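Reading the structure
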Amino acid sequence: MFKVVTRDVDREFDRWIDALEFAKSLMPQCKWFQDVRIFEKGNLVWVYSRSHKFPQFVGAGVYDRLAKRFLLETAVDEGLIDMKEEPTEE
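Here is a short report on the structure shown in this document. As the structure is a prediction and not an experimental result, all values here were calculated from the model.

1. As for helix 1 (residues 16–26)
Along helix 1, the positions that sit buried rather than exposed are Trp 16, Ile 17, Ala 19, Leu 20, Phe 22, Ala 23 and Leu 26. Its buried side turned inward, helix 1 meets strand 1 (2–5), strand 2 (10–13), strand 3 (35–40), strand 4 (43–49), strand 5 (56–57) and helix 2 (62–77).

Structural data, given as structure tokens:
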């Protein structure tokens, strides 16, 4: 579960791609001393502010893990991988 947070927005997403696209759409509206943040399960993983030229990934290994997730979600969207839900034990 991902959560995109900025001054006037607080929105949750199930997929990394959706959260990232939404956060990037907020970047042009970002003013000085305001930032756009993405949290994953309560932990900050991505932040953008005008004080940096590019968005920042926060934490060791976060970029690699989220890049792999991005590739997996893209492959599922393109139909290259068929993700079936695992049966649950009842």
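2. Remarks on the pairing of strand 4
With five of its seven residues buried, strand 4 lies for the most part within the structure. Strand direction decides the pairing type here: strand 3 and strand 4, joined by six bridges, are antiparallel. Bridge pairing in strand 4 places Asp 35 opposite Ser 49. A loop of two residues connects strand 3 with strand 4, the two strands running antiparallel in sequence, and Lys 41 in this loop sits at a positive phi of about 50 degrees. Alignment of strand 4 against strand 5, held across two bridges, turns out to be antiparallel. Across the sheet, Val 47 pairs through a bridge with Gln 56, a residue of strand 5.

3. As for the nonpolar core
Residues Val 4, Trp 16, Val 36, Ile 38, Val 45 and Trp 46 are the most contacted members of the largest nonpolar core, which totals 18 residues. Among the secondary structure elements, those contributing two or more residues to this core are strand 1, helix 1, strand 3, strand 4 and helix 2. For this core, the element with the highest residue contribution is helix 1, accounting for six residues. With near-sequence residues (within four places) excluded, Trp 16 lies in contact with Phe 2, Ile 38, Val 45, Trp 46, Phe 57, Leu 66, Arg 69, Phe 70 and Glu 73.

4. So, the layout of surface pockets
Approximately 160 Å³ is the volume found for the largest pocket. In terms of lining, the largest pocket is formed by Trp 16, Leu 20, Lys 24, Trp 46, Pro 55, Phe 57, Tyr 63, Leu 66, Ala 67 and Phe 70. For the lining of the largest pocket, the secondary-structure elements that each account for two or more residues are helix 1 and helix 2. Per-element accounting of the lining of the largest pocket gives the leading share, four residues, to helix 2. Grouping the constituent residues of the lining of the largest pocket by class yields nine nonpolar, no polar and one charged.

What counts and how
- Residues numbered from 1 in each chain as written.
- Predicted model: local features only at pLDDT ≥ 70, side-chain atom pairs only at ≥ 80, totals over all residues.
- Heavy atoms only, no water.
- Buried < 20%, exposed > 50% of the residue type's maximum accessible area, 1.4 Å probe, protein only.
- Helix = DSSP H or I, 4+ residues; strand = E, 2+ residues; numbered from the N terminus.
- Contact = heavy atoms within 4.5 Å.
- Pairing = 2+ DSSP bridges.
- Core = buried A, V, L, I, M, F, W, Y, C linked by side-chain atoms within 4.5 Å.
- 1 Å grid on protein atoms, 1.4 Å probe; cavity = no way out; pocket = protein on both sides within 12 Å on 5 of 7 lines; lining within 4 Å.
- Points joined across faces, edges and corners; volume = space filled by probe spheres on them.
- Nonpolar A, V, L, I, M, F, W, Y, C, P; charged D, E, K, R; others polar.

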